[in-house]
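Examining the three-dimensional arrangement
Listed below are the residues making up each chain.
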Amino acid sequence: MKISVVTPLYRSEPYLEELLARCTSAIRAAGAQSWEIIFVNDASPDESLAMARRLAETDSHLTVIDLSRNVGQHNATLAGLAHASGDLIFVMDSDLEDQPEWLTSFHEAMIARDCDVVFGVMANPKGNAAYGAGRWLFYRLLRLFSNVDVPENVCSARLMTRRYVDALLRFQEREVFMAGIWHMVGFTQMPVSVEKRQSSPTTYGLMRLVGIFINAITAFSIRPLQIIGLSGLFLFAVAVIYTLAIVFRALTSGIAVEGWASVMSATLLIGGVSMLFNGITAIYIGKIFIEVKQRPRAIVRDIFRSGGAGHASPEPNERTSSAADPTIS
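Computed from a prediction, not measured in an experiment: that's the story for all the values here.

**Considerations on the nonpolar core**
- Counting 39 residues, the largest nonpolar core has Ile37, Phe39 and Phe90 as its most contacted members.
- Setting aside residues no more than four positions away along its own chain, Phe90 makes contact with Ser4, Val5, Val6, Gln99, Pro100, Trp102, Leu103, Phe106, Ala157, Arg158 and Leu159.
- Ala167, Leu168, Trp182 and Val300 belong to the second largest nonpolar core, which has 30 residues in total.

Below, the structure written as structure tokens:
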């Protein structure tokens, strides 16, 4: 059995030596005959790359993938997964809030339940009461408006089988919402409660959560477009009924239509609803624009191992040649 550990690096320099040592111990405790540890440098502004390269020079199990620019945690993780060759693949954050030792307990749970994925669910999620309420509302609205039942408080750490990862890499979205994709892949998945170390405050503010929510809804559901269609039908019906009522009143009583305020209110209401609906439609059109371009999600600039740097062929998305693959599309 070969185990791969994949972790993206961003401002991770202080943690790398401990991370490598603890990952190696956890892999050995899981009984792996061989292993690889893949650090994906997501254009980190500190000395993470330099530190990772120094570690790779002395550890033949470590591979460092250097991306050409910052693409975000999820795209960097997918780039690492495309280069992983293990029978089991463990993903985690590099700041040690995710514990490398979870690999061992996840592996035991995977064997006991005979599943393809074991993922961590935070028993102690970050944030105050207001943030917790916002998180609760986020998941409820996500389930209401999308077709994906995303578990709450999922962390990055997860152990996956080879066949699951191969299926995962077939998803080629450019606008990535990983919490949804993890579960849309299917297979048998098992949650495990974990106590995540709280070494820093959450970076997910209100506007970022709103952006994630909009991306998640429009990535996994056309329900907002269906609501637009039904709302348009409803407003049309109201307009027809109101028009008929005005005509009937004029014919029967001869009273002219009055009320400038009501006319303006109706105009502003219809105008506002129209702009809202156009905005929602524009988001979907924008996503189509991004997806049809098929730009690579990440470009690998260099790969560093104990034998030196490597450059690669232009063949994307082939696992058999992914160790030398410069693009992950």
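**A word on the confidence of the model for the protein chain**
- For the protein chain, mean pLDDT is 78; residues scoring 70 or higher make up 77% of the total.
- Per-element mean pLDDT across the protein chain ranges from 43 in strand β10 (residues 327-328) up to 94 in strand β4 (residues 88-91).
- Of the regions scoring below 50 in pLDDT, residues 310-329 engages in 49 contacts with residues more than four places distant in sequence or in other chains.

**With respect to the pattern of salt bridges**
- Using the criterion set out here, one finds 6 salt bridges in the structure.
- One salt bridge in this structure joins Lys2 and Glu36, with 3.9 Å as the shortest N-O distance. Here the residue Lys2 occupies a position in strand β1 (residues 2-9), and Glu36 occupies one in strand β2 (residues 34-41), the gap between them amounting to 34 residues.
- Residues Asp66 and Arg301 are paired through a salt bridge, measuring 3.0 Å at the closest nitrogen-oxygen approach. A residue pair is termed long-range when its members are at least 10 positions apart, and Asp66 in strand β3 (residues 62-67) and Arg301 in strand β8 (residues 298-305) qualify at 235 residues.
- On the basis of relative accessible area, Asp66 is assigned to the buried category, the value being 2%.
- Here Arg301 falls in the partly exposed class, since its relative accessible area comes to 45%.
- One connected set of salt bridges, linked through shared partners, spans Glu18, Arg22 and Glu101.

**A few points about helix α1 (residues 16-29)**
- The terminal C-alpha atoms of α1, which comprises 14 residues, lie 20 Å apart, in line with the 20 Å expected from a rise of 1.5 Å per residue.
- Taken together, the buried residues of α1 touch β1, β2, α2 (48-58), β3 and α4 (102-113).
- After α1 finishes, the residue Gly31 shows a positive phi value of roughly 85°.

**So, the side chain of His183**
- Secondary-structure assignment places His183 in helix α7 (residues 178-184).
- Setting aside its immediate chain neighbours within four residues, His183 contacts Phe119, Pro151, Arg158 and Gln189.

**As for the side chain of Thr104**
- Counting through the fold element by element, Thr104 comes out in helix α4.
- Residue contacts for Thr104: discarding those within four places in its chain leaves Ala26, Ala29 and Ala30.

**Some thoughts on the packing of α1 against α2**
- Running from amino to carboxyl end, α1 crosses α2 at an angle of 40°, the nearest separation of the two axes being 10 Å. Classified by the interaxial angle, the pair formed by α1 and α2 is oblique. Crossing of α1 against α2: the hand is right-handed. Residues Leu16, Glu17 and Leu20 of α1 lie in contact with α2, whose contacting residues are Ser48, Met51, Ala52 and Leu55.

**A short note on unusual backbone geometry**
- One non-glycine residue, Arg11, lies in positive phi territory at about 55°.
- You will see that Ala43, though not glycine, has its phi angle at about 50°, which is positive.
- If you trace the backbone, Ala43 turns up in the loop between β2 and α2.
- Residue classification places Ala43 among the partly exposed positions, given a relative accessible area of 30%.

Rules used throughout
- Residues numbered from 1 in each chain as written.
- Predicted model: local features only at pLDDT ≥ 70, side-chain atom pairs only at ≥ 80, totals over all residues.
- Heavy atoms only, no water.
- Core = buried A, V, L, I, M, F, W, Y, C linked by side-chain atoms within 4.5 Å.
- Buried < 20%, exposed > 50% of the residue type's maximum accessible area, 1.4 Å probe, protein only.
- Contact = heavy atoms within 4.5 Å.
- pLDDT = per-residue confidence, 0-100.
- Helix = DSSP H or I, 4+ residues; strand = E, 2+ residues; numbered from the N terminus.
- Salt bridge = Lys/Arg side-chain N within 4 Å of Asp/Glu carboxyl O.
- Expected span 1.5 Å × (residues − 1).
- Axes fitted to C-alpha atoms, helices over the stretch in contact; angles between N-to-C directions.
- Parallel < 35°, antiparallel > 145°, perpendicular 65-115°, else oblique.
- Left-handed = near helix turned anticlockwise from the far one by under 90°.

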